[in-house]
Each structure stands twice: as structure tokens, then as C-alpha cells.
Amino acid sequence: MLDSLMEVKSLYLHYSTRKGIVKAVDDISFNLKKGETVSLVGESGCGKSSLARALMRLLPKNVAKYDGSIFIDGMDIVTLRDDEFKKKIRWKKMSIVFQGAMDSLNPLLKVGEQVAEPLVIHGGIPEKDAIEKALELLSLVGISRSFIDRYPFELSGGMQQRVLIAMALVTNPEIVILDEPTSALDVITQANIMNMLKDIKSELKISYIFITHDIALSTELSDRIAIMYAGKIVELTSLEDFLSEPLHPYAKLLLASVPTLRSTKKLSHIPGEPPSLLDPPPGCRFHPRCPHAMDVCRREEPPEVEASETHKVKCWLYSQKNPKGVAYS
Amino acid sequence: MNDALLKVMDLRKYFEIKRGLFSKSLVVKAVDGVSFQLSKGEAVSLVGESGSGKTTLGKTILRLYEPTQGALVFKGKDITHLDAKNLLWYRRAAQLIQQDPFGSLPYFLTIREILEEPLKIHKIGDERSRGEMVYKVLENVRLLPAEDFLPKYPHMISGGQAQRVAIARALILQPELIVADEPVSMLDASVRIEILTLLRELQENRKISFIYITHDLSTTRYFSDKIFIMYGGHIVEKADTQMILKEPLHPYTKALFEAIPDLDPSNVKRRRKTPPGEPPSLLDPPPGCRFHPRCPHAMDVCRREEPPEVEASETHKVKCWLYSQKNPKGVA
């Protein structure tokens, strides 16, 4: 697609552990357009944070396989040398906001210095100019000038998270990865941060990759939504299509298990537990929990089926080769 | 009410923070004047943000903390200041389920040992009947087949299964009251509903009174008869679940509702109205109503005097000047 800002193709990230190979990111493809938000939604251990690390090339030492392509501006950034990646991509093109702000901020740096640091280190900008720019960003995230000389511990959780978001924006990246940016915060603070992320998105026209386990929260920011299960994206479509007509059996069950405040729908749950990424089941990884599992699901990995141009689902039910005929609900 | 299992009367729990020899010590007023009654077999959700005092309230009710002031009456007996020896019966009747199942289960005991321990402590049954009770309770929480789980250690099972063991441990003494403190917030979405459904079923079938402590208002509809909203060490609103969900009264409750997204594609386009500021520090809460610095309706009286608890209806109470007869601007 021409308007893609980033295109991820067959990305893999496997870790080697004493117990064996953990297939955290296993053949993942998606694209991200300019100014768009794609949410990556999945339960813990589905590989969503590993995917963020793979995109940012923030890899641990025990990587067993890091493979695939990530195209930005027509360049495959996976092929870049580490020093090139650091110079051209990380923070410049793409930055990340981690969860748990207190652990991500340097306790010894004042707020102003903290936000200016990426500019000084990655942009080679004089410290004075960097602080000026940092102030600009801090005011964008709603932190007043009087806070720049404070240390992280003097700020509340919500404010720390705002500082972290300012840091991710200070280098003018085109893509910001938000990895559970509000998971440690209270609901009202969370709503404030989401408001702010919406404002920033429309003001700066940046693209977000929003990683969360909370489907209801993902509706606050998503243009499109990708459902992850056991290292794979099993469904990818627009938010509206997803909410009105989810296709993958896992996505359907997940939606039905979301409690809501304003409706009286009956809740259901998904039997069983997510598989271990050490030894995922053969065929479709969801088949042991799937109410529609067929023989083929137990044997062969399902293909990615285009239910419509913008709606992709990785499930045998929707495949032309489905022995029982294509199911469209 | 005569059928109250538990009466909580003006309960207060303060913690002192010592700051060296010559400085004045600070006082954290975590629970600051809470009153309510819990009937037999009733399930109440205690909802609040972090630092609202909800966990302290739960632990004080269980007498894991001794109250600073006020009274706790359980089945007509005053348990406010009983010592450990005289509390033993209450330790059996009232149980706790905590947030982190792996943290609350001893890692060096097998599931059989974990479940037998409370029976041994309370000198219940002999070795054979204890074995039967352990087996039965595993079936009750649907860890099947039970014999597969008995020899396992906590690290060998999943988070959802570990939380079931924690529930089984609370159930095995046949308690009359269970306090569950964020029992599912560490579990995955797909497992969460299963555990809450199980808790609700057990609670209803066995007529156990239940206090479900949570920050997640959206799960309360499914699992409680009443909802209490906590803010700054106070309960600011108490009502039947359906009633409060239909018509929240307290400005803080309204703000909480407004902040929570449902599955709605139009969420992308809206800005949520949120109150300014942050929850108060319990070290130095604001005078008058503790929500007044953030409240869009704050009046003079709110800044000066603590609001009374007003009965909006027989089953709906709200601690707010807006609804008081003495409201200078007329009842809202």
C-alpha cells in the first residue's frame, strides 16, 4: 500500500530459554498508515510486548531468532546495522512509552532534563535548546513549567506517565508505540491520559501502535484493531467492523467476556487457558479452546483469509478450503 | 436490622508514620468513619481508586488490623478489640482472598498441604476426613480431577488455577464472610469472568456474605447486590447495584462512570469529561467534603463541613451536601 508509513512482514522474535524456544512473535505482518492508530490487543503472554521490542529492536540477550522485514520509507530497517538503527530509527522515527512510569524514568534526573535527554543523546542538540523543546512538549502533555525542576518521585503516577509520553514525543517521531501506557493508573487518570493522547494525535498527526489487554480501552484510540493470540495476529480490521462483526472465534469469545457498565449483556468466558509459547499446539493455536475446531485446525496452521479488503482473519472457518464450506456469520 | 451478620460502626483506622525523634509523627487516615451493615448472604462491591482506603477497610473488617476507633460487631459479638486468642472463631468465620494468588499461596507446600493447613490449625477432623474435605473443596472450585492437583506445587499451575486454590482455601473452613481484595485483577480477561462467576455461584449457593473490593466498576454489575463507592477514606455512596448503575448521585461516582469506556466505536471521537486534580492524600485530606477541590458543584458549605449521609431512597444513600435538606441552594 502506498500510504503505509510502516509495513511489517513475517516478523519473528524467538527467545531461547532453559526450557526451550519461546515463540513470542511468530510470523506477524501488518501495516500502519500515517496518522493512524492500530491497537494490538491480547492477553498476557500473547507476545504483544515482545512485538513492541522487536519493532524497536530492544532485544534481550537470549534472542534465538529475529527475522522478517519492517519497511519504513521503503527501507527495510531489520537489515540496518545496530549503530545505523540507533542513529536513524530509534527515537527519530519511532519511539516507545513503556508501562510502569516509575520504573522507566531515571530517578536522578529532573523532569526537564529527563525529557531533554533523548534530544541531546540522539539528536546532538545543545542542552539549552533541548530544554526549551522539552518545555514545549511538557506543556503539550499538560505539565506546567513549575515542575521541570522536580524529580520523578515528587510526581504522581499520572504525571510520571505524562513525562514519559513527552519524552517519547520530543524527538518528533512519526510512530509512537504505547505499551499499556495506563495500566498502573486509576480510571479517572487513565481517562485523562487517553484524552491527552487523542489531542496529541490530532495535533501532531502521528501514528500510534497501542498495545493493551483491555479491549474496551482500545476503543478510545483505535482506527484499526489487531487481535493477538499466542504469538500471532488472528484478526485485523477496523474498530467498527470488529465491534459489529468479529470473525475469529477467539475474538468473538473475548468480546463476549468484556464486562460493560452501561449494558446488561450476559457475560461468557473462554474455557481453558492460553497456550504456552514454549510448546504451542499444532495447527491453529486456538483449536484446543475453540468451539468450532475441525480436523484441519488440529493439523494445519490456518491461512490468512481476506473477509473483505480491510478485514483479515486467520481461521480455517473462513477459508475456501474449509471442508465444511465457508462460514460467514 | 436484626439480620445483620456484620455491623461496621463509624470505623476508623489511622496509621502513624514516625519521622525521627524530634519531628512530629504523621497520621494517615486510611479509613475515616465508615458505617454499614452486611446481611447474611449479601454480596457487596467496595469500589474505589488506589489510595481510597478500600484495602485497609477490608483488612480492618477481617481484624488483620485493629481499629483505631469505632466498632465491629459480627453476629452480635463485639470483635473490635478482641485479642488473638479470643478471635480464633472469627478467623475461621471470616476469610480473605487476595489479589496475587502466587504471593498468597506458600510456594513450598503442595496444594494438599495448603488446603489441609487451615483444618489442622482449627483442629477440624482427623487425617481421613481432612483428606475428604480437601478433595471435596477442589471439586467445588472445579479443579478437576482433584487427585491431579493434590501433589502439585503452586508454581506448577496457572494463575487462574492458583486463584481457585486460594478460593478453596478460603472455603474449606465454611466461612460466613469472605473479603475478596481484587481477586481477578491479575488474571487474564478470558479467565477473569470464569473466576468471578464461580465466586458468585459459591456465594449464592452457600449464603456466604461477600465483600468484593475492586477498582473495576464494570465487573460489579455481575457480582454484587450492592455497591459502595469509596473516596478519601469515606464511603461516599451506597446503593443497590441496579440503582446506582442507573442513577449515580455523588459527583465522584458520576465522574468515575464517565471515565470508564464501554465497547463503543464512537469512543474514538469523544473527549471524556474528567474532574481536575488527583485524589487527596490521606495524610492531609481537604476539610469539608474530600471531593470538593475536584467537584464541579462545590459550594461554600462543602469546603467547610463534612457532608451528612443523605437517604435519597431507602436503599440509596449518598454523602453529599447537594442532596441534603440543609443545602442552601435547595435539594438537587
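1. Concerning the overall build of chain A
Then, number 1: Assigned secondary structure in chain A consists of 11 helices and 12 strands.
Then, number 2: Against the globule reference of 20 Å for 329 residues, chain A gives a C-alpha radius of gyration of 21 Å, in line with a compact fold.
Then, number 3: Its C-alpha atoms give chain A principal-axis dimensions of roughly 65 × 50 × 45 Å.
Then, number 4: Every one of the 329 residues in chain A was classed for burial, and the buried ones make up 46%.
Then, number 5: Restricting the contact set of chain A to residue pairs at least 6 apart, pairs at least 24 apart contribute 63%.

2. Digging into the packing of helix α7 (residues 187-204) of chain A against helix α11 (residues 251-259) of chain B
Then, number 1: For the pair α7(A) and α11(B), the least separation of the axes is 9 Å and the interaxial angle reads 50°. Comparing their axes, α11(B) and α7(A) come out oblique. When the axes of α7(A) and α11(B) are compared, the crossing they make is left-handed. Residues V187(A), I188(A), Q190(A) and A191(A) of α7(A) pack against A255(B), L256(B) and A259(B) of α11(B).

3. Considering the sheet that holds strand β1 (residues 4-17) of chain B
Residues and elements named next belong to chain B.
Then, number 1: Across the sheet, four strands lie side by side as β2-β1-β4-β5; this open sheet has antiparallel pairing. Each edge of the open sheet carries a strand with a single partner, namely β2 (26-39) and β5 (77-78).
Then, number 2: Strand direction decides the pairing type here: strand β4 (residues 69-74) and β5, joined by two bridges, are antiparallel. Bridge assignment links F74 to a residue of β5, and that residue is K77.
Then, number 3: The strands that helix α1 (residues 54-61) touches are β1, β2 and β4; relative to β2, the one it contacts most, it runs at about 65°.

4. Considering the confidence of the model for chain B
For any part of a model where pLDDT is low, the fine detail of the predicted coordinates should not be relied upon.
Then, number 1: With 98% of its residues at a pLDDT of at least 70, chain B reaches an overall mean of 93.
Then, number 2: In the model output, the complex is listed with pTM 0.90 alongside ipTM 0.86.

5. Focus on the sheet that holds strand β10 (residues 232-238) of chain A
All names here are of chain A.
Then, number 1: Spatial strand order, β6-β7-β8-β3-β9-β10-β12-β11: eight strands in an open sheet with mixed pairing. The sheet is open, and its two edges are formed by β6 (94-97) and β11 (304-308), each paired on a single side. Across this sheet, the average inter-strand angle for adjacent strands is 20°, counted without regard to direction.
Then, number 2: The sheet contact formed by strand β9 (residues 224-229) and β10 spans six bridges and is antiparallel. When the bridges of β10 are listed, I225 appears paired with T237.
Then, number 3: Most of the contacts of helix α6 (residues 157-169) go to β6, to which it runs at about 175°, and overall it touches β6 and β7 (175-179).
Then, number 4: Helix-sheet contacts for helix α10 (residues 249-256) involve β9 and β10, and the interaxial angle to β9 is about 105°.

6. So, the nonpolar core
Residue and element names in this part refer to chain A.
Then, number 1: With 179 residues, the main nonpolar core has V115, A166, I177, I209 and I227 as its most contacted residues.
Then, number 2: In this structure, this core is formed jointly by two domains, domain 1 (4-93 + 175-265) and domain 2 (102-172), each of which donates at least three residues.
Then, number 3: Other than its neighbours up to four places away in sequence, V115 contacts A134, L137, L138, V163, A166, M167 and V170.

7. Focus on the domain arrangement of chain A
Residues and elements named next belong to chain A.
Then, number 1: We note that the domain assignment places domain 1 (4-93 + 175-265) and domain 2 (102-172) within chain A.
Then, number 2: Distance between the C-alpha centres of domain 1 and domain 2: 24 Å.
Then, number 3: Contact with domain 1, which involves 12 residues of that partner, is made by 11 residues of domain 2.
Then, number 4: Of all the elements, α7 adds the most residues to the side of domain 1 that touches domain 2, at five residues.
Then, number 5: Considering only residue class, the side of domain 1 that touches domain 2 consists of eight nonpolar, three polar and one charged.

8. Side note on the interface of chain A and chain B
Then, number 1: With 37 residues of chain A in contact, the opposing surface of chain B contributes 35 residues.
Then, number 2: Elements with a contribution of two residues or more to the side of chain A that touches chain B: α7, α8 (215-218), α9 (239-244) and α10 of chain A.
Then, number 3: At seven residues, the largest contribution of residues to the side of chain A that touches chain B is made by α7(A).

9. Re the environment of K75(B)
Residues and elements named next belong to chain B.
Then, number 1: Of note, K75 is situated in the loop between β4 and β5.
Then, number 2: Under the C-beta neighbour-count criterion, K75 is labelled partly exposed, with 15 such atoms within 10 Å.
Then, number 3: Remark: the alpha-carbon pair of K75 and L6, spanning 69 residues in sequence, is separated by 6.3 Å.

10. Details of the pairing of β4(B)
All names here are of chain B.
Then, number 1: Two strands pair when backbone bridges link them, and β1 and β4 are joined in this way by five bridges, in the antiparallel orientation. Paired with M9 across the bridge in β4 is A71.
Then, number 2: Linking β4 back to β5 in an antiparallel pair, the connection comprises two residues, with K75 at a positive phi of about 50°.

11. Focus: the pairing of strand β1 (residues 4-17) of chain A
Here is the key point about a regular strand: its side chains alternate between the two faces of the sheet.
Residues and elements named next belong to chain A.
Then, number 1: Here β1 runs beside strand β2 (residues 20-33); their pairing, made up of 11 bridges, is antiparallel. By the bridge assignment for β2, S4 is matched with K33.
Then, number 2: The hairpin formed by β1 and β2 contains two residues between the paired strands.
Then, number 3: As defined by bridge partners, β1 adjoins strand β4 (residues 63-72) across eight bridges and the pair is classed as antiparallel. Note that in β4 the partner of Y12 across the bridge is D67.

Rules of the game
Residues numbered from 1 in each chain as written. Chains lettered and ligands numbered in written order. Predicted model: local features only at pLDDT ≥ 70, side-chain atom pairs only at ≥ 80, totals over all residues. Helix = DSSP H or I, 4+ residues; strand = E, 2+ residues; numbered from the N terminus. Rg over C-alpha atoms; globule rule 2.2 N^0.38 Å. Buried ≥ 20, exposed ≤ 12 C-beta atoms within 10 Å, placed from the backbone. Contact = placed C-beta atoms within 7 Å. Axes fitted to C-alpha atoms, helices over the stretch in contact; angles between N-to-C directions. Parallel < 35°, antiparallel > 145°, perpendicular 65-115°, else oblique. Left-handed = near helix turned anticlockwise from the far one by under 90°. Pairing = 2+ DSSP bridges. pLDDT = per-residue confidence, 0-100. Core = buried A, V, L, I, M, F, W, Y, C linked by C-beta atoms within 7 Å. Domains from an automatic or database assignment. Nonpolar A, V, L, I, M, F, W, Y, C, P; charged D, E, K, R; others polar.

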